[in-house]
Amino acid sequence: MAELITTPFGATTTAMEVIEGIDLRGKRAIVTGGASGIGVETARALAQAGAEVMLAVRNAATGEQIAENIRQTTGNQHIHVGQLDLSDLNSVRAFVRGWEGSLDILVNNAGVMAIPQREVSAQGHEMQFATNHLGHFALALGLHDAMAATGHARIVSVSSVGHINGEIDFDDIDFHHRPYDAWVAYGQSKTANILFAVEAARRWASDGIVANALNPGRIASTNLGRHMKNAPVNPAQSGPASTGVSMKNIEQGAATSVLLAASPLVEGVSGRYFEDCNEAGPHQPGIRRGVAAYAIDPENAVRLWKISQNMLNEAQ
């Protein structure tokens, strides 16, 4: 394994500390889920550095309120809002059709977690996989040419330590035959986020596009946990097995995303998984840190890409 990439930053670093001194004027960025949680702070940090930022959100009215707040706090007036429902591939296609010009930074940040009962997307796929992975996959493919046009674009895929809850069941991604489990489904979708970055890094290297994934840490007080009160308790998230989890506020939770989106410290780095602003080592049993081997396996990455592409083709 290649030597792990380290930076001067760590678990308590904030997004604004990461972005300090970085000039993104002339750069264009999209942050999905940019109207809540770490998405807001990721967008705010990129805006602070001068980037033109699009908040890609389900609720455009809420997005506009957040956009105005970012304009006021950063002085950057180039903050836009686009309607995007990642669980509906028709919405993703509409968003892509509406995008004009190049794209330097794509932060695939939005997500859902621990939906207690099995739900399906507009195209019939399990909701967590559809929202967290398939919608972002379709978005990245649709914006590929816009990113390739820059020759130096970055894709940031927000995963989770939850990926260690399980790998992808390629034979039953949508839980048609196995019992639905909220945490297994979440873990599968977060593993998919990492595998996407691994394969995008390989496929698109010649286009100058880099792609990396990350674990933001466990952040309280975000909308991501809205289903938690109805979801079954995840035994892996309590007791001794929770060793190593980084508990963060929202400003700290956005730091690793901003590092991968904008920092010269990771220029040219691609296909890797970060946590606490540093590249993660291999996952060790009983410790909720690191990256599982199956989540960075290149054969799994190719297989997921092909299956995801087939899903998009079937939805045409």
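The shown structure was predicted, so the numbers you read here are calculated from the model rather than taken from an experiment.

S.K.: Give a description of the packing of aromatic side chains that names residues and reports values.
M.R.: Applying the stated rule across the entire model yields six aromatic pairs. Relative to Phe196, the ring of Phe137 lies with its centre 6.2 Å away and its plane at 85°, an arrangement referred to as edge-to-face. One end of the pair, Phe137, is in helix 5 (residues 127-142); the other, Phe196, is in helix 7 (residues 182-203), and 59 residues separate them in sequence. A ring pair is formed by Trp204 and Trp305, whose centres lie 5.4 Å apart and whose planes are at 85°; its orientation type is edge-to-face. Of this pair, Trp204 sits in the loop between helix 7 and strand 6 (210-215) while Trp305 sits in helix 10 (residues 298-314), placing them 101 residues apart in sequence. When its relative accessible area of 8% is taken as the criterion, Trp204 is described as buried.

S.K.: How would you summarise the nonpolar core if you had to cite specific residues and measurements?
M.R.: Counting residues in hydrophobic clusters, the biggest one holds 52 residues, and the most contacted among them are Ile30, Leu103, Leu106, Leu139, Leu143, Met147 and Trp204. When residues in this core are grouped by element, the largest group, seven residues, is from helix 7. Apart from residues lying up to four places away in sequence, Leu139 is in contact with Thr32, Leu84, Val92, Phe95, Val96, Leu106 and Asn108. Core analysis: the next-biggest nonpolar cluster, separate from the first, contains 40 residues, Ile19, Ala51, Ala67 and Val269 among them.

S.K.: Outline unusual backbone geometry, supporting the account with residue identities and numerical values.
M.R.: Here Ala114, not a glycine, exhibits a phi torsion of approximately 55°, which is positive. A relative accessible area of 0% means that Ala114 is categorised as buried. One non-glycine residue with positive phi stands out, namely Phe175, at about 60°. Structurally, Phe175 is set in the loop between strand 5 (154-158) and helix 7.

S.K.: Explain the sheet that holds strand 1 (residues 28-32) to me, using residue names and the numbers behind them.
M.R.: Strand order in the open sheet formed by eight strands is 3-2-1-4-5-6-9-10, with mixed pairing between adjacent strands. At either end of the open sheet lies a strand with only one pairing partner, and these are strand 3 (79-83) and strand 10 (278-279). As paired strands, strand 6 and strand 9 (residues 273-275) are joined by three bridges and run parallel to one another. For Ala213, the partnering residue across the bridge sits in strand 9 and is Tyr273. Contacts between helix 7 and the sheet are confined to strand 4 (105-108), strand 5, strand 6 and strand 9, with strand 6 contributing the most and set at about 155° to the helix.

S.K.: Which residues make up the pairing of strand 5, and what are the values?
M.R.: With five of five residues buried, strand 5 lies mostly within the body of the structure. Going residue by residue along strand 5, you find Arg154, Val156 and Val158 tucked away on one face and Ile155 and Ser157 tucked away on the opposite face as well. Two strands pair when backbone bridges link them, and strand 4 and strand 5 are joined in this way by four bridges, in the parallel orientation. Bridge pairing links Ile105 to Arg154 in strand 5. In the sheet, strand 5 pairs with strand 6 via five bridges, with the strands oriented parallel. By the bridge assignment for strand 6, Arg154 is matched with Val210. One crossover worth recording links strand 5 to the parallel strand 6 by way of helix 7, and it is right-handed.

S.K.: Give me the lowdown on the side chain of Arg71, citing residues and values where you can.
M.R.: Note that Arg71 resides in helix 3 (residues 60-74). Here the side chain of Arg71 touches Ile79 through a polar contact of 2.7 Å, landing on its backbone oxygen.

S.K.: Any chance you could break down helix 3 for me, citing the residues and the numbers?
M.R.: In this model, helix 3 (15 residues) spans 20 Å end to end at C-alpha, consistent with the 21 Å of a helix rising 1.5 Å per residue. All of the buried residues along helix 3 are Gly63, Ala67, Ile70, Arg71 and Thr74. Along the axis of helix 3, the buried residues cluster in a sector spanning 100°; they form a single face. Helix 3 presents Ala61, Gln65 and Gln72 as exposed residues on the side facing more than 90 degrees away from its buried surface. Along its buried surface, helix 3 packs onto helix 2 (37-48), strand 2 (52-57) and strand 3. The N-terminus of helix 3 is capped by Asn59, whose side-chain oxygen sits 3.0 Å from the backbone nitrogen of Ala61.

S.K.: Explain the side chain of Ser246 to me, using residue names and the numbers behind them.
M.R.: Tracing the chain through its elements places Ser246 in the loop between strand 7 (218-219) and strand 8 (247-248). Here Asp276 takes part through its side chain, which lies 2.8 Å from a polar atom of the side chain of Ser246. A polar contact of 3.2 Å, which involves the side chain of Ser246, links it to the side chain of Arg289.

Thresholds applied
- Along every chain, residues carry numbers that run from 1 in the direction the sequence is written.
- The predicted nature of this model means local features are confined to residues of pLDDT at least 70 and side-chain atom pairs, given and counted, to a pLDDT of 80 or more, with totals for whole chains, interfaces and linings taken over all residues.
- The side-chain values count all of the structure's non-hydrogen atoms but skip hydrogen atoms and water molecules.
- Pairing of aromatic rings covers Phe, Tyr and the six-membered ring of Trp, with a centre-to-centre limit of 6.5 Å; geometry is then stacked below 30 degrees between planes, edge-to-face above 60, and tilted otherwise.
- Runs of E in the DSSP output that reach at least two residues are strands. Runs of H or I that reach at least four are helices, and both are numbered from the N terminus.
- Think of it in three bands: with a 1.4 Å probe and only protein chains considered, a residue is buried below 20% of the maximum accessible area for its type, exposed above 50%, and partly exposed in between.
- To qualify as a nonpolar core, a set must consist of buried Ala, Val, Leu, Ile, Met, Phe, Trp, Tyr and Cys residues joined through side-chain atoms within 4.5 Å.
- By definition, residues are in contact when any of their heavy atoms lie within 4.5 Å.
- DSSP-based pairing: two strands are paired if at least 2 bridges between them are found.
- For helices, the axis comes from a line fit to the C-alpha atoms of the stretch in contact; other axes are also lines fit to C-alpha atoms, and the angle between any two N-to-C directions lies between 0 and 180 degrees.
- By convention, a crossover is right-handed whenever its connection, traced from the first strand over the helix to the second and viewed with the strands pointing away, goes clockwise.
- Distance and chemistry together define a polar contact, namely a pair of N or O atoms within 3.5 Å, with one atom able to donate a hydrogen and the other to accept it when in protein, and with adjacent residues in sequence counting only for side-chain atoms on both sides.
- For a helix, the expected span equals 1.5 Å multiplied by the number of residues minus one.
- Directions are taken from the helix axis to each C-beta atom, and the arc is the one they span.

Limitation: the analysis is restricted to geometry and does not speak to function.
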